[in-house]
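Below are the chains, spelled out letter by letter.
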Amino acid sequence: MSDTPFKDEDFVYVDTDKKIAVGLVEWDKNGNIKPKDWPFEPRPGDSDKPARKPRKRTYIWGSYGTMKKLYKLEGKVKDKDTEDYITLDDAIGKLQENPYWD
C-alpha cells in the first residue's frame, strides 16, 4: 500500500518531470478547473544560450489513478546509470554454449 495522501478518485495536478502529484485540483465558482502555474526552472547547461522569455506552463491534471499509471507516480524509480547489461564478450560466450539463454 502506498503512503500518498491521495485516493485514486481524487483529481490532482502532476509534475511530470519529477513524477509527483503536486496537489488537489482547485475549482472556480462555475465548476471549471483553475490552471496551476508551473514555476520556471532553467535546465542545467542552458546558461550559454541567449536569455529569452520563458513560455508559461501549467501543470497537467487528472484523476490520481490515471496519472499514476500514465506517469508512474508510485513505485521504484529506476536509476538510469545502473542498467542491467552484460558485456558483449559474456553474451557471445553464453550464446555459443546455449543459443536460448536468459
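Provided above is the structure to which this section pertains.
First, a word on what this report is: a plain description of the structure on this page. (Residues numbered from 1 in each chain as written. Predicted model: local features only at pLDDT ≥ 70, side-chain atom pairs only at ≥ 80, totals over all residues. Heavy atoms only, no water.)

**Details of the packing of aromatic side chains**
Item 1. By the definition in use, this model includes 4 aromatic pairs.
Item 2. A ring pair is formed by Phe6 and Tyr64, whose centres lie 5.6 Å apart and whose planes are at 40°; its orientation type is tilted. Residue Phe6 is located in the segment before β1 (11–15), and its partner Tyr64 is located in helix α1 (residues 64–71); the two are separated by 58 residues in the primary sequence.
Item 3. For Phe6, a relative accessible area of 16% translates into the label buried.
Item 4. Look at Tyr64 and you get buried, because its relative accessible area is 3%.
Item 5. Pairing Phe11 with Trp61 gives two aromatic rings, centres 6.1 Å apart and planes at 65°, and the pair type is edge-to-face. With a gap of 50 residues between them, Phe11 in strand β1 and Trp61 in strand β5 (residues 60–63) connect regions that are remote in the sequence.
Item 6. These aromatic residues form a ring-pair network of at least three members: Phe11, Trp27 and Trp61.
Item 7. One Lys or Arg, Arg57, reaches over the ring of Trp38 and ends 3.8 Å from the middle of that ring. (Phe/Tyr/Trp six-rings, centres within 6.5 Å; stacked < 30°, edge-to-face > 60°. Helix = DSSP H or I, 4+ residues; strand = E, 2+ residues; numbered from the N terminus. Buried < 20%, exposed > 50% of the residue type's maximum accessible area, 1.4 Å probe, protein only. Lys NZ or Arg CZ within 6 Å of the ring centre and 35° of its normal.)

**Let's talk about the side chain of Asp10**
Item 1. One can find Asp10 in the segment before β1.
Item 2. Among buried charged residues, Asp10 stands out as having no salt bridge; its nearest opposite-charge side chain is Lys7, 4.7 Å away.
Item 3. A distance of 2.9 Å separates a polar atom in the side chain of Asp10 from the backbone nitrogen of Lys7. (Lys, Arg positive; Asp, Glu negative; His and termini not counted. Salt bridge = Lys/Arg side-chain N within 4 Å of Asp/Glu carboxyl O. Polar contact = N/O pair within 3.5 Å; in protein donor to acceptor, adjacent residues only side chain to side chain.)

**Looking at the sheet that holds strand β2 (residues 20–24)**
Item 1. A sheet is described by the order of its strands in space; here 3 strands give the open sequence β2-β1-β5, paired in antiparallel fashion. This sheet does not close on itself; its edge strands, each paired only once, are β2 and β5. Looking at each pair of strands side by side, their axes are set apart by 40° on average, direction ignored.
Item 2. Packed onto the sheet, α1 meets β1, β2 and β5 and runs at close to 115° relative to β5. (Pairing = 2+ DSSP bridges. Axes fitted to C-alpha atoms, helices over the stretch in contact; angles between N-to-C directions. Contact = heavy atoms within 4.5 Å.)

**With respect to the nonpolar core**
Item 1. Counting 7 residues, the largest nonpolar core consists of Phe6, Val12, Val14, Ala21, Tyr64, Met67 and Leu73.
Item 2. Looking at this core, the elements that each hand over two or more residues are β1 and α1.
Item 3. In contact with Tyr64, other than residues within four places in its own chain, are Thr4, Phe6, Lys7, Asp8, Asp10, Val12, Ala21, Leu73 and Glu74. (Core = buried A, V, L, I, M, F, W, Y, C linked by side-chain atoms within 4.5 Å.)

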